[in-house]
Amino acid sequence: MQEAPTRRRRLANAKLQLDELVQMLAADGHLAPADGDRLLATRPARDQDVHPLVWVGDHRLTDAKDGSRVLTTETLTEWLAARTQQPYLHIDPLKIDVARVCGVVTHAYAARYHILPVEVSTQEVTVATAEPFDREWQGELERMLGLRIRTVLANPADVRRYLGEFYSLARSVRRAMERQQELPQGITNFEQLVQLGKSSNIDANDQAVVHIVDWLLQYAFEQRASDIHIEPRREECLVRFRIDGQMHLVYQAPMQLMAAITNRIKLLGRLDVVEKRRPQDGRIKTRSPGGDEIELRLSTMPTAFGEKLVMRIFNPELLLKNFAELGFSDDENRRWRDLIQQPNGIILVTGPTGSGKTTTLYSTLRELATPEVNVCTVEDPIENVYPHLNQMQVQHNIGLDFAAGVRTLLRQDPDIIMIGEIRDLETAEMAVQAALTGHLVLSTLHTNDAPSAVTRLLDLGVPDYLIRATLLGVLAQRLARTLCPHCRAPADTDERAWNELVSPWKSNMPRQVSKPVGCLECRMTGYLGRTGLYEMLTVTPTLRRLVGEDKDGAQLREQAIREGMRPLRLSGALKVAAGVTTIDEILRNTPPARPR
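The rules behind each value
Residues numbered from 1 in each chain as written. Predicted model: local features only at pLDDT ≥ 70, side-chain atom pairs only at ≥ 80, totals over all residues. Heavy atoms only, no water. UniProt positions renumbered as here; feature names shortened; annotations may be inferred. Helix = DSSP H or I, 4+ residues; strand = E, 2+ residues; numbered from the N terminus. Phe/Tyr/Trp six-rings, centres within 6.5 Å; stacked < 30°, edge-to-face > 60°. Buried < 20%, exposed > 50% of the residue type's maximum accessible area, 1.4 Å probe, protein only. Lys NZ or Arg CZ within 6 Å of the ring centre and 35° of its normal. Core = buried A, V, L, I, M, F, W, Y, C linked by side-chain atoms within 4.5 Å. Contact = heavy atoms within 4.5 Å. Pairing = 2+ DSSP bridges. Axes fitted to C-alpha atoms, helices over the stretch in contact; angles between N-to-C directions.

(A) Representation of the UniProt feature "domain: Bacterial type II secretion system protein E" (unreviewed entry) in the chain within the structure. The UniProt feature table records "domain: Bacterial type II secretion system protein E" (unreviewed entry) at residues 410-424. Each end of residues 410-424 is marked by a C-alpha atom, and these two atoms are 19 Å apart; helix forms 0% of the span and strand 27%.

Below, the structure written as structure tokens:
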């Protein structure tokens, strides 16, 4: 009896109605009778353009069949797709070639039928719709395009949103291109590109270009990107986001438009727009769609095909976390707090670029920057402006490097000094001098593990007796993607991979291994966010005696492990055993372990 309306709708090419949706939900046991009556009694007015799935989803009703589940618009869409035996699609804008899909049909046509092309091939076009029975447009579109049409059911709110966003972006690109003269083909050398960049007649303040850049930034904030890359190629310009450490291609812009986009961003960052032959650095302060203040650090680099631009996104909420949110275990939290409460000495944070050193340092400084202490930093550049710190930026063009900055800070009556990075002997000597004169010094080094920091200081030329006198501890770290809490599932342990992870320690730790699955919350990747992996070396009297005697750091490492230092790979193994991440993530992000 309940299937009759479905057949009638399919034959009549009619849109889904609220009473029909309520009837199907009740028939499948997902909707309690009282909830169904309330939905029908408060149905939207005729002049309100509200899709029935959105109307029901906005009420956030509890699934009568599964009390732990809420009937959101997305879950309702997925259920309806299964009930009507149609493919379901969650629209992921990162996987859609916006320029190509917007060329299939006009915005007016797509808006008329509330459809959105999402994929185009040589033989068929995949079109997302929120109407399971309305196919009035399908035959007509197949005749117009000469291609097969494959329909998928998608969230009506997503169809409406991306229908506006995608076509608005495509329209801005088209308007900007109409103002651009045709560029000669076959450009292969940098000198030609420099001249063309100067003669481009797209204004960086053109409204179409402004819209493209605004869309790019807001889109990056929404997708939790940490970096935006604008990369010129021979035929086109690529826009890529780094999300949870992985690169994703977002958009492919015409080369003619690339210079205007780059110039617009350079203007916002107060960079020299005309200069394209040398690298430049700058920063932009803006707001996310939610109103949060966000800073972007800009870096340009001349390449064979034009100027490459990278924007690193610094969200204060992400930079300033407590130690538990960073991924510290209870033992690591206690040991780190013991270190940073020392009155003087040097504490180093080590790891490669992008391993989270800056976040750890800023979170630590936030804990230390109380009204009773004077915290001063010298950075290159200042990553995040924090009101309780006295921050100074390195400026090499006037001779203000790290060493000169520390020398200045020592005359500013500091209690705690943070040096952005120890790169040379002069900076290292100033850090040691600051520690010897009663200051707590925090800084970073680029080494693979914690014991290697001692070897690195020796290589720079710091005398071993000064290292023994000042070094308090070293924290080496990495970042690994964490499993999405919404979809992770128990998994059988791959014994071979597990043994590779923990064999040096012959560990019999209990295991609760999980695997990535993929859901809407994590964009079907199975991972959501990242956590820190830490190797914490606290310099004890025994370890001090080894400094200078152990040239390659092997004995230092072995003794540190005996005294409780947990190597990076073992730290990762504990997170795998707790179901936080996967073996593959740890093996990929940590250096091979050396046995005791």
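(B) Broad picture of the packing of aromatic side chains. Summed over the entire model, instances satisfying the criterion amount to 8 aromatic pairs. An angle of 65 degrees between the planes, with centres 6.2 Å apart, marks the rings of Trp215 and Tyr251 as edge-to-face. In this pair, Trp215 is assigned in helix 11 (residues 207-222) and Tyr251 in strand 8 (residues 246-254), connecting sequence segments 36 residues apart. The exposure class of Trp215 is buried, given its relative accessible area of 12%. Every member of this aromatic cluster is reached through a ring pair, and the members are Trp215, Tyr219, Phe241 and Tyr251. Positioned above the aromatic ring of Tyr527, the side-chain terminus of Arg481 is 4.0 Å from the ring centre.

(C) Spotlight on the nonpolar core. Ranked by size, the top nonpolar core spans 66 residues in total, and within it Leu116, Ile228, Phe241, Ile265 and Met311 carry the most contacts. When residues of this core are assigned to their parent elements, the largest contribution, 10 residues, is made by helix 11. Filtering out sequence-adjacent residues up to four positions away, Met311 remains in contact with Leu216, Leu217, Ser226, Asp227, Ile228, Ile230, Ile265, Leu296, Arg297 and Leu298.

(D) Just the sheet that holds strand 14 (residues 390-393), in detail. The strand order across the open sheet formed by 7 strands is 14-13-15-16-12-17-20, and the pairing between neighbours is mixed. The sheet terminates laterally at strand 14 and strand 20 (527-538), the two strands that pair on one side only. Neighbour-to-neighbour, the strand axes of the sheet open up by a mean angle of 20 degrees, direction not taken into account. The pairing of strand 12 (residues 345-350) with strand 17 (residues 471-483) spans 5 bridges and is parallel. Residue pairing for strand 17: Thr350 is matched across the bridge by Ala476. Along the sheet, helix 15 (residues 330-340) contacts strand 12, strand 16 (440-445), strand 17 and strand 20; its crossing angle with strand 20, the most-contacted strand, is approximately 55 degrees.

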